[in-house]
Amino acid sequence: MKEITRKNILNIKPYVAGRPIEEIKRQLRLKKVIKLASNENPLGSSAKARIAIIKGLKSINRYPDSDGFYLKRKLAGRLWVKPENIILGNGSDELIEIIIKTFVEEDENVVTADVTFLEYEIIAKTIGRKVKKIPLKYFKYDLEAIRRNIDKKTKVIFIANPNNPTGTYVTKYELEDFIKDLPADLVLVLDEAYDAFIDVNDFPNSLKYIKNKNVIILKTFSKSYGLAGLRVGYAIANQEIISSMEKARQPFNVNSLAQIGAIAALDDKKFLQRSRKLILQGKRYLYAAFRKLGLIYLPSVSNFILIDVGREGVSVFNDMLKSGVIVRDMEQYGLKNYIRVTVGKRKENERFIKVLKKVL
Ligand SMILES: Cc1ncc(COP(=O)(O)O)c(C=O)c1O
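Residues numbered from 1 in each chain as written. Predicted model: local features only at pLDDT ≥ 70, side-chain atom pairs only at ≥ 80, totals over all residues. Heavy atoms only, no water.

Can you tell me about the packing of aromatic side chains, naming the residues and giving the values?
Here the structure, examined in full by the defined rule, presents 13 aromatic pairs. For the ring pair Y63 and F252, a centre distance of 4.6 Å and an interplane angle of 25 degrees mean the geometry is stacked. Pair noted here: Y63 is in the loop between helix 3 (47-56) and helix 4 (69-79) and F252 is in the loop between helix 9 (239-247) and helix 10 (256-267), with a separation of 189 residues, a long-range link. On the numbers, 6.2 Å between centres and 40 degrees between planes, the contact of Y169 with F203 is tilted. Highlighted residues: Y169 in the loop between strand 5 (154-160) and helix 8 (172-180) and F203 in the loop between strand 6 (187-191) and strand 7 (215-220), separated in sequence by 34 residues. (Phe/Tyr/Trp six-rings, centres within 6.5 Å; stacked < 30°, edge-to-face > 60°. Helix = DSSP H or I, 4+ residues; strand = E, 2+ residues; numbered from the N terminus.)

Help me get a handle on the domain arrangement of the protein, residues and values and all.
Looking at the protein, the domain boundaries give domain 1 (7-44 + 270-359) and domain 2 (49-267). Just the C-alpha atoms count here: the centres of domain 1 and domain 2 sit 24 Å apart. With 31 residues of domain 1 at the contact, the number on the domain 2 side is 28 residues. Taken together, both faces of the contact between domain 1 and domain 2 bury some 2,600 Å²; the carbon and sulfur share is 65%. The largest contributions to the domain 1 side of the interface with domain 2 come from Y15, V301 and Y333, which together make up 26% of the buried area. Here domain 1 is connected to domain 2 by one salt bridge. Taking the shortest distance from any N to any O, the salt bridge between K283 and D199 comes out at 3.2 Å. Here domain 1 is connected to domain 2 by nine residue pairs in polar contact (both at pLDDT 80 or more). Elements with a contribution of two residues or more to the side of domain 1 that touches domain 2: helix 1 (7-10), helix 11 (269-293), strand 10 (304-308) and strand 13 (338-342). With seven residues, helix 11 is the largest single contributor of residues to the side of domain 1 that touches domain 2. (Domains from an automatic or database assignment. Contact = heavy atoms within 4.5 Å. Buried area = accessible area lost by both parts, 1.4 Å probe. Salt bridge = Lys/Arg side-chain N within 4 Å of Asp/Glu carboxyl O. Polar contact = N/O pair within 3.5 Å; in protein donor to acceptor, adjacent residues only side chain to side chain.)

Laid out in structure tokens, this is it:
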């Protein structure tokens, strides 16, 4: 197989996803398993979305609307932009791929942070594009170092804001400074997958940049809206950027149930409010519990927390798994002594703390 596989593919370390609940139940013969590993919504999904999806089932013999007319129109109304400023994707993962395919020539590079969401690097490398990873500074994106490392061949910069897995964020002042003197011929991607959980006042209003700058904002229905299984996300940018990206996507990239579910989810403001409240309460509980256990953690503006467990995160992860609690070890991210936990429901958080205490 080695002879026929492209070299960049052979060299790629595949993305390790959070372990599914069913898999752990099956493999470890456990009855009760909780998953706090993939930054999903612990409340499930909006009932309105589920009802709409059931109704939509009768039309699955038809291809989905290739243009996503109704979903784009609804999003545009919410965001005060035109539908032409929006492209839909099979999760924001797909939009990351479309961005790189659309803008990065063979000899150009992508710049992002080390440590950040792994898919920027993995996708760029599968397409055969070089990636420059700039170390974080105090667990935050180091925008000054990123600026210094931009070269003539840099085409796209990916900033996860808030950052996964650290839960830290770039403030509006830092972003303003950074954008001010960015070269005009490169594209800045602000990945705001977790924007609904933000609990600070100085988070950037990134939409203000799309008019005059090559800025692409990524959003997803996978986190706060609880629709990770449907795979639907979107990007917002100026019309030229969007129309270029539209050329690089597959015609039916977002399935009909995902479009229907997303439209209904946008109407369920109560679900969103409940989700946000649960995360904020959950974080308070977890922070207090970590302090009691003497553990160092990073305060997070998102729905996950990075914790220094003082020994190999992989072994903590494996030990917790045996007790039916799935978290994420951070080995793939190069953070050996850390685990990342997604904030869950009260009972899940309590069980997580109980098991963590036992394991440590
Ligand atoms: C920062 C960031 N961006 C994008 C994604 C992918 O989201 P989606 O489910 O929309 O592909 C994730 C998922 O964990 C993420 O953490």
